[in-house]
Amino acid sequence: MEPAAAPPPSPPPPAAAPGSAELVCAQGRNLKAVLCQRCGSRVLLPGAATFARRELLLPAMRKKAAAAAAGGGGDVVREHWLVRDMFSFENVGFTRDVGNVKFLVCADCEAGPIGWHCLDDKDSFYVALERVAHE
């Protein structure tokens, strides 16, 4: 009788891209704290969000006053932390409604937008991985 073969290693979460693999645990949640790139303020604690892929257009990242003066332009972002409860955030601000969307910004330095929230879906807040730092 042959010995039982070792089970294959568990695959990474299905949505995790190679560049983000060190940020995502086996359950698909954030391994590290999520911080503002500009001031270092803590936005999310480890384990507070789930990795998600969704193509979203976010306005170019600027301080609130500079964004108002500059007008349009933006970036398509595809990798996000998905937060299901707005009270999971440690430190985040929301812009005024832009159509049916509110953008997420750092509550301390107002840099952003770092993410996006559609008013039609009360339980989905997206934070773009490329717009935040991790510790």
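Please refer to the structure higher up on the page.
If you're wondering where the values come from, they're calculated on a predicted model, not measured in any experiment.

Caption draft 1: Geometry of the environment of S124. Assignment of secondary structure puts S124 in the loop between β9 (115-118) and β10 (125-128). Look at S124 and you get buried, because its relative accessible area is 3%. Separated by 40 residues in the primary sequence, S124 and R84 have C-alpha atoms spaced 5.1 Å apart. Look past the residues within four positions of S124 in its chain and what remains in contact with it is L82, V83, R84, W116, H117 and C118. Side-chain polar atoms of S124 contact the side chain of R84, separated by 2.8 Å.

Caption draft 2: Just the pattern of salt bridges, in detail. Following the criterion strictly, the structure yields five salt bridges and no others. Put simply, R42 and E135 hold a salt bridge, and the shortest N to O gap is 3.1 Å. Of this pair, R42 sits in strand β2 (residues 42-44) while E135 sits in the segment after β11 (132-134), and the two are 93 residues apart along the sequence.

Caption draft 3: The sheet that holds strand β1 (residues 34-36), seen in detail. Reading across from one edge, β2-β1-β11 is the order of the three strands in this open sheet, with antiparallel pairing throughout. The outermost strands of the open sheet, each flanked by one partner alone, are β2 and β11. Adjacent strand axes in the sheet meet at a mean angle of 45° when their direction is disregarded.

Rules and cut-offs
Residues numbered from 1 in each chain as written. Predicted model: local features only at pLDDT ≥ 70, side-chain atom pairs only at ≥ 80, totals over all residues. Heavy atoms only, no water. Helix = DSSP H or I, 4+ residues; strand = E, 2+ residues; numbered from the N terminus. Buried < 20%, exposed > 50% of the residue type's maximum accessible area, 1.4 Å probe, protein only. Contact = heavy atoms within 4.5 Å. Polar contact = N/O pair within 3.5 Å; in protein donor to acceptor, adjacent residues only side chain to side chain. Salt bridge = Lys/Arg side-chain N within 4 Å of Asp/Glu carboxyl O. Pairing = 2+ DSSP bridges. Axes fitted to C-alpha atoms, helices over the stretch in contact; angles between N-to-C directions.

It is worth stressing that arrangement in space is one thing and function is another; only the former is reported here.
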